2 protein chains.
Amino acid sequence: MSRERLYLFDTTLRDGAQTQGVGFSLHDKRIIAQMLDELGVDYIEGGYPGANPADSEFFSERPKFSHAKFVAFGMVRRSGRSVSNDPGLAAVLAAKTDAFCLVAKASAYQVRVALETTNEENLAAIRDSISAAVAKSGTAMLDCEHFFDGYKEDPAFALACAKAAYESGARWVVLCDTNGGTLPHEVEAIVGEVTKHIPGSHLGIHAHDDTGQGVANSLAAVRAGVRQIQGTLNGLGERCGNANLCSLIPTLKLKKPFCDTLEINVTDAKLATLTQVSRALDEILNRAPNKHAPYVGESAFVTKTGIHASAVLKDPHTYEHIVPELVGNHRQVLVSDQAGRSNVLAALERAGIAFDKSDPKVTRLVEEMKEREAGGYSYESAEASFELLARRTLGHVPDYFRVLQFDVNVEQRTNGQGRPNTVALAVVKVDVAGEVLISAAEGNGPVNALDVALRKDIGKYQSYIDGLKLVDYRVRILNGGTEAVTRVLVESEDENGARWTTIGVSSNVIDASFQALMDSLTYKLVKAGAPA
Amino acid sequence: MSRERLYLFDTTLRDGAQTQGVGFSLHDKRIIAQMLDELGVDYIEGGYPGANPADSEFFSERPKFSHAKFVAFGMVRRSGRSVSNDPGLAAVLAAKTDAFCLVAKASAYQVRVALETTNEENLAAIRDSISAAVAKSGTAMLDCEHFFDGYKEDPAFALACAKAAYESGARWVVLCDTNGGTLPHEVEAIVGEVTKHIPGSHLGIHAHDDTGQGVANSLAAVRAGVRQIQGTLNGLGERCGNANLCSLIPTLKLKKPFCDTLEINVTDAKLATLTQVSRALDEILNRAPNKHAPYVGESAFVTKTGIHASAVLKDPHTYEHIVPELVGNHRQVLVSDQAGRSNVLAALERAGIAFDKSDPKVTRLVEEMKEREAGGYSYESAEASFELLARRTLGHVPDYFRVLQFDVNVEQRTNGQGRPNTVALAVVKVDVAGEVLISAAEGNGPVNALDVALRKDIGKYQSYIDGLKLVDYRVRILNGGTEAVTRVLVESEDENGARWTTIGVSSNVIDASFQALMDSLTYKLVKAGAPA
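Calculation notes
- Residues numbered from 1 in each chain as written.
- Chains lettered and ligands numbered in written order.
- Predicted model: local features only at pLDDT ≥ 70, side-chain atom pairs only at ≥ 80, totals over all residues.
- Heavy atoms only, no water.
- Contact = heavy atoms within 4.5 Å.
- Buried area = accessible area lost by both parts, 1.4 Å probe.
- Salt bridge = Lys/Arg side-chain N within 4 Å of Asp/Glu carboxyl O.
- Polar contact = N/O pair within 3.5 Å; in protein donor to acceptor, adjacent residues only side chain to side chain.
- Helix = DSSP H or I, 4+ residues; strand = E, 2+ residues; numbered from the N terminus.
- Buried < 20%, exposed > 50% of the residue type's maximum accessible area, 1.4 Å probe, protein only.
- 1 Å grid on protein atoms, 1.4 Å probe; cavity = no way out; pocket = protein on both sides within 12 Å on 5 of 7 lines; lining within 4 Å.
- Points joined across faces, edges and corners; volume = space filled by probe spheres on them.

### Some points on the interface of chain A and chain B
Phase 1 of the analysis: At the interface, 100 residues of chain A touch 100 residues of chain B.
Phase 2 of the analysis: Between chain A and chain B, a total of about 8200 Å² is buried, with carbon and sulfur atoms accounting for 46% of that surface.
Phase 3 of the analysis: The interface formed by chain A and chain B includes 0 salt bridges.
Phase 4 of the analysis: For the interface between chain A and chain B, the tally reads 17 residue pairs in polar contact (both at pLDDT 80 or more).
Phase 5 of the analysis: Considering each element in turn, the side of chain A that touches chain B owes the most residues, 12 residues, to strand 13 (residues 402-414) of chain A.

### Some thoughts on the side chain of Glu186(B)
Phase 1 of the analysis: On the secondary structure map, Glu186(B) appears in helix 8 (residues 184-194).
Phase 2 of the analysis: Judged by its relative accessible area of 15%, Glu186(B) falls in the buried class.
Phase 3 of the analysis: Among all residues touching Glu186(B), those that are not within four sequence positions of it are Lys256(A) and Lys152(B).

### A look at empty space enclosed by the protein
All names here are of chain A.
Phase 1 of the analysis: Throughout the structure, instances matching the rule amount to 5 cavities of 30 Å³ or more.
Phase 2 of the analysis: Each pocket or cavity is described by its volume, and for the largest cavity that value is around 80 Å³.
Phase 3 of the analysis: Every residue along the wall of the largest cavity is listed here: Asp-451, Leu-454, Arg-455, Leu-468, Lys-469, Leu-470, Val-490, Ser-492, Leu-517, Ser-520 and Leu-521.
Phase 4 of the analysis: Taken together, the elements giving at least two residues each to the lining of the largest cavity come down to helix 18 (446-456), strand 16 (469-478), strand 17 (485-493) and helix 20 (509-527).

### A short note on unusual backbone geometry
Residue and element names in this part refer to chain A.
Phase 1 of the analysis: In the segment running from Lys-256 into Pro-257, the intervening peptide bond is cis, with an omega of 0°.
Phase 2 of the analysis: Within the secondary structure, Pro-257 sits in the loop between helix 10 (245-254) and helix 11 (258-261).
Phase 3 of the analysis: Phi at Arg-239 is positive, roughly 55°, even though this residue is not glycine.
Phase 4 of the analysis: For Arg-239, the position within the fold is in the loop between strand 9 (228-231) and helix 10.
Phase 5 of the analysis: Given a relative accessible area of 6%, Arg-239 falls into the buried group.

As structure tokens, then:
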């Protein structure tokens, strides 16, 4: 049976930016857009050019995607204006993009109360704006805002809005459950009606999670014929979030009837990176991952019950609805973690470290990692620290330098003009191959001061680390409050542009930071093959 | 139209106890059970008597409930044993309870692989055990484990298991999607078949959230005729959790067709306590609430977009699918760089700060916020800092104290046993109403040391801040690397359990942290009405 194509439209960078407590820098958007393209989504909605400086900058140049189409979001022209006379729309249409996704009301109530205009003017705005967008880029879409509420109150008008876009050349007409209150059986029924007027091949669904049914609503719409789903990674989005692509993608790939009748552009190999993509996004945003997230959550395949555990060990199929590795996750039986070992072996292979499966040191490494992870370490993001730990446990890492002592002081006092002034000063004493070196440095903070002091003079190894710089620094308090443990991730970059991440954990943030900094230096020396 | 009764069965204390990282003490169970009874659920599954001491103790005496029935969970008799010869089942049947809920396999595959017995023996175990439970208490239920997977593979056997229980006198036969991988349309179809053999009035649904559709599966089953829903508060449960009663209850009470055709025992007044019940459970378990939870989440009715905000202020119905107060929640219009004047005005109202729309100071405040946000501040999450900024800009905040100087030192040296030891020591000099106070403190890090030192002695205001504690601390480096700006968010809690978040921004993390700490103290003093 030939499968129909189902398109994935990601709005993490636009609708996802509405999440409370989330903001994307331009740099963040670029990284995330690349991640999305690699994963295989078809459309990447980058933002709203003209609405804020970062988005305008993002759309000043079309990114290089291997597959995805870049999409600029915006509103249709305002009532009473023309396309050429609406600066907001003009800014959108000027964007360097592959496609436009414009939003318009599809509810008579909204047109009356929120826009305070007429139905006819609303329809004209849709036609004018979509036509202009089609003329500009060839690919235009209309987000029919409040479509389902609008359809329930005035089906003729809601449909008229959708048709106005379709007849003006829109490639996609997206039905939006803007307030998130529609139920799946309603979505299925309403979409069924719409497909009598507009083919499903040109229809999309944009659902939210306000009743906990964003995924179900999206799938209901697909069952009724739509062929584009809009959603976000990790279900980011305003209020309760958008439909979660990390729940939808595996369901579409692995569950009947979807896997048999529909095809999405996410390959099996890319599906296996989903867990890592989900965690990477949380890392970028410094958000605690949702451990209980479907498919990709840390607990998604964890069995705690003794009864379940023995069944799972006999045959994982007894208690798992899918094989965890298909989405890059793994099972964990908290009684005994058999999966841990295979994960570690896979990580060793990825790091290019030779090992013998039967070597007792491999078992020691697995145990060491479990202990450390129980104490707050997380090697998922800190591959350089993992590699050092592995090399130390399985073999040998030279003792390039030893820190004998450090001291960092941060002082704030009022300066001559009565303004507070803060200075940080660090002193580090290291033993490099028997030679004791003492360095001091100032910095814009205690960690920066320590970092600069540490790298100021490491004797014979100085040339190896000269090009090194700290490019990102993330702190997370685990277990919150006073019994807290601090986890620090440091990302470093060398003169060749190579980047790596190291980790440190301690109840003291300076300690944790210092561990991560030392690992970073050592890693560079190991990679550069510096002689012991 | 007369409505049919729909029963709510809460398994927070049994299935919810399987949540990774969650454990209920006997005291916890008693409190939560009372909360559940007050809310109006019909059945409270308290645990598994005999499986662990706390549960056995919990069932040593029937709790006094105003409405709910107390339910003891257990397994049907093991294959090869009789009811009187199975100590596990004996312990369950000895419980002081109103009803029993026994679990049995309803899948031929499970019977063969997990139990390693025959279909006939499985059916016999169901009949014997349910009969015994009915004889004991009058009310028995069977949880048909793996029912949907079982039905797909061998519908006759799955149905036979369900019927065996029904014909043995079970009040309820509960169809369980144990692995959580069934989809709503499958649930609806399968339940439709089952109701041809067992009336919906005696059928229940027990769904999990492994594809993000626990709520949708439960409602699909209800639409197909079941009249009992099993779930947990806050969607607690193994892996991705059970069907979330905090999402189901409002949907059943407020959404068609459920609100028209079905009646649950949760009154409108009790519905309005739902948010508080949800938060109380998280407090008891010391879990961070899910801010994005449907209906009850802190962000569930939060609007960030400027366009949305002005519409919401015209008529909240434009962007809300229900009135937040119906579930005890409230709307919030956030201030952020995407927002404009209308968001700031709404935030001022939220904070209870009086203002005159035409006051030029309001304009000054909007500008001040945009400048600060461009520099790294984000007031979305830091409502307490927003309030202080607003009060300072629009009027006056007393200068409770002035920090003249601080000094924090972090030192690592090798101790007597040759192990590195890190200590942090802070000194703070404050002017409190003309009195200069100097305090010093140690801490597990520089920020902790400063925090303790700052709060150690603020003279006449000491009693106001005695119950204060730091419960969360988040650091984010913006713009990465060396031109970085550090943003620190501090969440504080006082003796009344009130929580608030403050922010600090600086290139120096200690500076940024200190700003956030000072705002937190000042906020507490302002809120407590401390005299200037």
